[in-house]
Amino acid sequence: MDLARWLGEAVSSIERWKREYGAFDVHPSLQVSDERVGEALGRLAGRLRDNYPFFHPRYAGQMLKPPHPAAIVGYVAAMQINPNNHALDGGPATADMEKELVSRLATMFGYREHLGHLTSSGTIANLEALFVARETHPGKAVAFSAASHYTHARMCGLLGMEGRPVPADGAGRMDLDALADQLSTGEIGTVVATTGTTGLGAVDQVHEIVPLARRHGARVHVDAAYGGFFTLLAAEGSPEPIDPLPWRAVAEADSIVVDPHKHGLQPYGCGAVLFRDPAAGRFYVHDSPYTYFTSDELHLGEISLECSRAGAAAAALWLTFELLPPTPEGLGRVLAAGRRAAVRWAELIESSRVLELYQRPELDIVACYPAEPTLSAVDAAARRVMEEGMRDPADPVFLSVLRVSADEMARRAPHVIADADGTRVLRSVLMKPEEETYLGTLHARVESLAREALSAA
Ligand SMILES: *Cc1c(COP(=O)(O)O)cnc(C)c1O
């Protein structure tokens, strides 16, 4: 896809529509010369060089990658109009697209009915889910795994709810016995399950958590902000099958959060929250003296805690889904390549003499560490691999690190002597499908950095 060509087309097609309303003069206060634009843009491009190359497979660090060109073109097309998806008054077209998109996401997870909307992020989407949790079970606590995103503890504090961390098991999933203990207090109103933890991509056993929670009258919220689209690999016709059990059970959860700006090829500003029971909308009831006038149909602001939201984000996701739909053979192929890269890399690490695998990847996140005998030596070597990799101007590689406790390490690597309370391990998110073909180069580079780190010690 030729981005420059289709960006040009996105601009000219909207220009054609604008001209239908007749010509008018742009106010002189807004006019800037092309010469000044060129000069200022040059400076901007210069400043933007201070970035890591998120687009390149050598960048295998955090959850970051550029959007698909289709998302950029869709965003730019709509942004020229700048619709606000708060209300139908702010732009009916993108509000309609948003309803279609939310319905597609709900279908992807197996919801038969739903209420939901896009949000500006996974954090806000989770805040909304926890807000509905509080309104449904006032005074009750929320249980979430110690490996869940930090936002749950934080948002519980914000909402004035008690958060109860549940320890994770040796695979980074919520420990079911510990959860059962929590539930048996009768004080838990909602359990948060994570399908794809931010640290390791571990998938909580939603098929066990749902019946357990139900027995104690608790609701279940699934935080699939990172991993949600992996449900396409659990579906029939998956190009790279993963264990379908937890994913099938997601359809029974009371709410789901997924971030199209993580694995849905979107620019930042696109999360989503879905509720299985459309009656959740009653908790959002409010009046707006300014909006909700043009139509009696549902205005998205009526079921959202946010007010203004980019309609362009809906247009971007809409155009992307037209070309790469959320199906196993559409977006599923994109995720499958990253998943294959992760599985293959884990094998290469297991046969390496200088690297050790932290745990088997469930999705596309790989964690490993330099083969050192003590936690403090592992920590120093991991830091060295990360820093030396980034610093090499000729052949850089970008990894991230994850802090793990001595206890978490002991469950996976009992042979490493615990001379500290924890260590950093190397962590790579293989979100880009290009990592699959680049993997040989990536592994060789990380191995050579690890070899240098070991001999430096
Ligand atoms: C990324 C992430 C979040 C937070 O989402 P943002 O879009 O970064 O605000 C919440 N939960 C999980 C599991 C995540 O991976």
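Because the structure is a prediction, the values reported are computed rather than measured.

S.K.: How do you make sense of the site of the ligand when you look at a structure like this?
M.R.: Near the ligand there are 14 residues, and of these Thr123, Asp223, Asp259, His261 and Lys262 occur at the shortest range. Contact between the ligand and Asp259: an oxygen atom at 2.6 Å from a side-chain N or O atom of the residue. In this structure, an oxygen atom belonging to the ligand sits 2.9 Å away from a side-chain N or O atom of Lys262. Protein burial of the ligand: of its 380 Å² of free accessible surface, 88% is covered by the chains. When residues of the shell around the ligand are traced back to their parent elements, those giving at least two are α5 (122-136) and α11 (260-263). A per-element tally of the shell around the ligand places α5 first, with 3 residues. Its residues assigned to classes, the shell around the ligand comprises 2 nonpolar, 9 polar and 3 charged.

S.K.: Explanation requested: the state of the cysteines in the structure shown.
M.R.: Cysteine pairs can be linked by a disulfide, which is a covalent bond between their two sulfur atoms. Under the counting rule described, the total for this entry stands at 0 disulfides. Considering cysteine sulfurs only, Cys270 is the nearest to Cys307, which forms no disulfide, with 18 Å between them. Given a relative accessible area of 47%, Cys307 falls into the partly exposed group.

S.K.: How should the nonpolar core be read in this particular structure?
M.R.: Proteins that are soluble and globular tend to have nonpolar side chains buried together. Counting 57 residues, the largest nonpolar core has Leu179, Val191 and Phe229 as the members making the most contacts within it. Looking at which domains feed residues into this core, each of domain 1 (78-323) and domain 2 (331-456) gives three or more. If near-sequence neighbours (up to four positions away) are discounted, Leu179 is found in contact with Ala143, Val166, Met174, Val191, Ile209 and Leu212. In terms of nonpolar packing, the next biggest core, distinct from the first, is built from 27 residues, Ala346, Leu426, Val446 and Leu449 among them.

S.K.: How should I be thinking about unusual backbone geometry in this particular structure?
M.R.: Backbone geometry follows two general trends: most residues other than glycine have a negative phi, and most peptide bonds adopt the trans configuration. Of note, Asn82 is a non-glycine position whose phi angle comes to about 60°, a positive value. The topology assignment puts Asn82 in the loop between α3 (69-79) and α4 (92-108). Residues other than glycine seldom take positive phi values, yet Tyr292 does so here, at roughly 65°.

S.K.: Please explain the packing of helix α7 (residues 176-183) against helix α8 (residues 206-215) as it appears in this structure.
M.R.: The angle between the axes and the distance between the axes are what describe a pair of packed helices. Two elements in contact, α7 and α8, have axes whose closest approach is 10 Å; the angle formed by their N-to-C orientations is 15°. Our classification of the angle between α7 and α8 gives roughly parallel. As α7 packs across α8, the resulting crossing turns out to be right-handed. On α8, the residues touching Leu176, Leu179, Ala180 and Leu183 of α7 are Glu208, Ile209, Leu212 and Ala213.

S.K.: Teacher, can you tell me more about α8 here?
M.R.: Three- or four-residue spacings in an α-helix give side chains the same orientation, since the helix completes a turn every 3.6 residues. All buried positions along α8 are accounted for by Val206, Ile209, Val210, Leu212 and Ala213. Buried residues along α8 sit against α7, β4 (188-194), β5 (219-224) and α10 (245-249). The first or second residue beyond α8 is Gly217, which carries a positive phi of 70°.

S.K.: Is there a simple way to think about the domain arrangement of the protein chain in this case?
M.R.: Accessible area lost upon the coming together of the parts is a frequently used measure of interface size. The domain architecture assigned to the protein chain consists of domain 1 (78-323) and domain 2 (331-456). On a C-alpha basis, the centres of domain 1 and domain 2 stand 30 Å from each other. Tallying the contact residues gives 29 residues for domain 1 and 21 residues for domain 2. Summed over both sides, the interface of domain 1 with domain 2 buries roughly 2100 Å², with 66% coming from carbon and sulfur.

S.K.: Before we go on, may I ask you to explain the sheet that holds strand β10 (residues 400-405) in this structure?
M.R.: With antiparallel pairing, 4 strands are arranged side by side in an open sheet as β8-β9-β11-β10. Two strands in the sheet have a free side with no partner beyond their single neighbour: β8 (355-359) and β10. With strand direction ignored, the average angle separating the axes of adjacent strands in the sheet is 40°.

Calculation criteria
Residues numbered from 1 in each chain as written. Predicted model: local features only at pLDDT ≥ 70, side-chain atom pairs only at ≥ 80, totals over all residues. Heavy atoms only, no water. Near = heavy atom within 4 Å. Polar contact = N/O pair within 3.5 Å; in protein donor to acceptor, adjacent residues only side chain to side chain. Areas by Shrake-Rupley, 256 points an atom, 1.4 Å probe, with all protein chains shown as cover. Helix = DSSP H or I, 4+ residues; strand = E, 2+ residues; numbered from the N terminus. Nonpolar A, V, L, I, M, F, W, Y, C, P; charged D, E, K, R; others polar. Disulfide = S-S within 2.5 Å. Buried < 20%, exposed > 50% of the residue type's maximum accessible area, 1.4 Å probe, protein only. Core = buried A, V, L, I, M, F, W, Y, C linked by side-chain atoms within 4.5 Å. Domains from an automatic or database assignment. Contact = heavy atoms within 4.5 Å. Axes fitted to C-alpha atoms, helices over the stretch in contact; angles between N-to-C directions. Parallel < 35°, antiparallel > 145°, perpendicular 65-115°, else oblique. Left-handed = near helix turned anticlockwise from the far one by under 90°. Buried area = accessible area lost by both parts, 1.4 Å probe. Pairing = 2+ DSSP bridges.

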